[in-house]
Each structure stands twice: as C-alpha cells, then as structure tokens.
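Architecture and fold: a report
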Amino acid sequence: MTIIFHTDTIISVDQFITLLRQTTLGERRPLSDPARIEKMLRQANLTVSAWDGERLIGIARCLTDFDYCCYISDLAVSETYQRQGIGKALIALVQKQLHPEAKIILLAAPQAYDYYGKIGFERHPSAWTIFAKTSLAAPKDK
Ligand SMILES: CC(C)(COP(=O)(O)OP(=O)(O)OC[C@H]1O[C@@H](n2cnc3c(N)ncnc32)[C@H](O)[C@@H]1OP(=O)(O)O)[C@@H](O)C(=O)NCCC(=O)NCCS
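In this report, we go over the structure that sits alongside the text. Given the structure is predicted, the values throughout are model-derived calculations rather than measurements. Each residue is numbered by its place in its chain's sequence as written, counting from 1. The model is predicted, so local features are restricted to residues of pLDDT at least 70 and side-chain atom pairs to those at 80 or more, both for listing and for counting; the totals for chains, interfaces and linings are taken over all residues.

Considerations on unusual backbone geometry
Most peptide bonds adopt trans geometry, and most residues besides glycine take a negative phi value. Worth spelling out the cut-off: Secondary structure is summarised from DSSP: a helix means a run of H or I of at least four residues, a strand means a run of E of at least two, and numbering begins at the N terminus for each. Remark: C-beta atoms are placed from the backbone, and a residue is labelled buried if 20 or more other C-beta atoms sit within 10 Å of its own, exposed if 12 or fewer do, or partly exposed between those counts.
Phi angles above zero are rare outside glycine, and F66 is one such case at about 70 degrees. Looking at the secondary structure, you find F66 in the loop between β3 (55-64) and β4 (69-77). One non-glycine residue, K133, adopts positive backbone phi at about 70 degrees. Within the secondary structure, K133 sits in the segment after α4 (115-118). Taking the C-beta count within 10 Å as the criterion, K133 has 5 such neighbours and is therefore assigned exposed.

Here's what the structure looks like:
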C-alpha cells in the first residue's frame, strides 16, 4: 500500500463526506448540508490530504495566516487506515507549510482526547470557545 500526501489538491464534497463518514468525526460535522461542507472545503486555506490511489483516506483541513497561527478544524483518517502514522504525517505536513514559530491550535474531539498529548501537543489551560447561538453577556453597568 502506497499512501500519497498532497497539499491543497482539489477535494470534492463527496470525497470529503465519504471520508468523514468513515471516522467518528462524521457525527460532529454538518454532513447533511453539502452546501455548507462545500464552503468548509473551499474557504479553508490550507488542506493536507492523504490518498490511497484515487481514494481520499485522510485530511487535515486548516485555517491559517501561515506565519503566526494555524487552526486545524478537521483531522481525520479513515478507520481502516488509522494507527499507521497517517494522522501524525498530516500534521507534520501542515507544520511544514508554516513559519517555524507559528503555533497550531485545535480542539480535540472526545475520541482523540489523548491523541494529541501522545504526539507532542501541550494542553492549553486558557483556551476558550463560545458556542454557536450563545449570546455574549451584556456589559455590566458602570
Ligand atoms: C485521531 C486520528 C486523526 C489519529 O490518526 P492516526 O493516523 O490513527 O494516528 P497516528 O497513526 O498518527 O497515531 C500516532 C500515535 O498516536 C496513537 N493514537 C492514535 N489514535 C489515538 C487516539 N484516538 N487516542 C490515543 N492515542 C492514539 C497511535 O497509536 C500512535 O502511537 P504510537 O506511535 O505509539 O504507535 C484518527 O484516529 C481519527 O481520524 N480519528 C477519528 C476522528 C477524530 O477524532 N479526529 C480528531 C478530531 S480533533
């Protein structure tokens, strides 16, 4: 089996959805909304992918300025290809596209909670998110 990696090759909506369905990430992404999936693909500005022939078997889909920070939104490896170093190779290729001091940021899915620490990431004690449809708190009266 020869796995080929590409940076910024065109990935179709069907290929992306098929891959996500082959991982637990599928249940956490809007697969029933192909128009949104298409925008996720086209508006990401760094996507590294892994291929077995014509088959998309891994992806790291990122938003980045390339010089200071890079958010990996989706890291996924098809279940039958997991634990062969493909996830790590995808992240290494992302890193290679960035300034040597640029930082990678991500949120671990529950199934990958222990993964990132194992491959060298540090847990960040002051990371924050605000979930969709959550209103910002009103400023306090002075
Ligand atoms: C998480 C994921 C991307 C890892 O990809 P992968 O190609 O299987 O991982 P690698 O082969 O690079 O693994 C590197 C090391 O981490 C370990 N590892 C892999 N998945 C792990 C997990 N979920 N938890 C803990 N350790 C894990 C591997 O055993 C390997 O250890 P070793 O070097 O001692 O053998 C992949 O399992 C996946 O797609 N999971 C489902 C989707 C998901 O949760 N994605 C993450 C979203 S934040």
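Now that the structure has been shown, the text picks up again.
As for the site of the ligand
Note the following rule: Note on definitions: a residue is near a molecule or strand provided its C-beta atom, placed from the backbone, lies within 6 Å of it. When residues are sorted by character, Ala, Val, Leu, Ile, Met, Phe, Trp, Tyr, Cys and Pro go into the nonpolar class, Asp, Glu, Lys and Arg into the charged class, and all the rest, Gly among them, into the polar class.
Of all residues adjacent to the ligand, which total 22 residues, the nearest are Q82, G87, K88, A112 and Y115. Broken down by class, the residue content of the shell around the ligand amounts to eleven nonpolar, seven polar and four charged.

Comments concerning the sheet that holds strand β5 (residues 103-105)
Rule in force here: In this analysis, strands are considered paired if DSSP registers two or more bridges between them. Here an axis means a line fitted to C-alpha atoms, over the contact stretch when the element is a helix, while the angle between two N-to-C directions is reported on a 0 to 180 degree scale.
One open sheet accounts for five strands, arranged β1-β2-β3-β4-β5; its pairing is mixed. If you trace the sheet from one side to the other, it starts and ends with β1 (3-7) and β5, each paired once. Between one strand and the next, the sheet's axes are offset by a mean angle of 25 degrees, whatever the strand orientation. Pairing between β3 and β4: seven bridges, direction antiparallel. Paired with A60 across the bridge in β4 is L75.

Observations regarding the pairing of strand β2 (residues 46-52)
The side chains of a regular strand alternate, residue by residue, between the two faces of the sheet. With five bridges connecting them, β1 and β2 associate as antiparallel partners. Looking across to β2, one finds that H6 is bridged to S49. Examined bridge by bridge, β2 and β3 share seven bridges and lie antiparallel to one another. What sits directly across from W51, in β3, is L56.

Quick notes on the nonpolar core
The test is simple: Nonpolar cores are identified as sets of buried Ala, Val, Leu, Ile, Met, Phe, Trp, Tyr and Cys residues joined via C-beta atoms within 7 Å. Note that contacts rest on C-beta atoms placed from the backbone: two residues are in contact if these are within 7 Å.
Core analysis: the biggest nonpolar cluster contains 19 residues, and L19, A60, L90 and V94 have the highest contact counts within it. The set of elements that each furnish at least two residues to this core consists of α1 (13-21), β2, β3, β4 and α3 (86-96). Filtering out sequence-adjacent residues up to four positions away, V94 remains in contact with L46, V48, A60, C62, C70, I72 and I104.

Structural notes on the environment of A50
Topologically, A50 is positioned in strand β2. In this structure the C-alpha to C-alpha distance between A50 and L90, which are 40 residues apart in sequence, comes to 7.4 Å. Leave out the neighbours within four places in its chain, and A50 touches I3, F5, I57, G58, I86 and L90.

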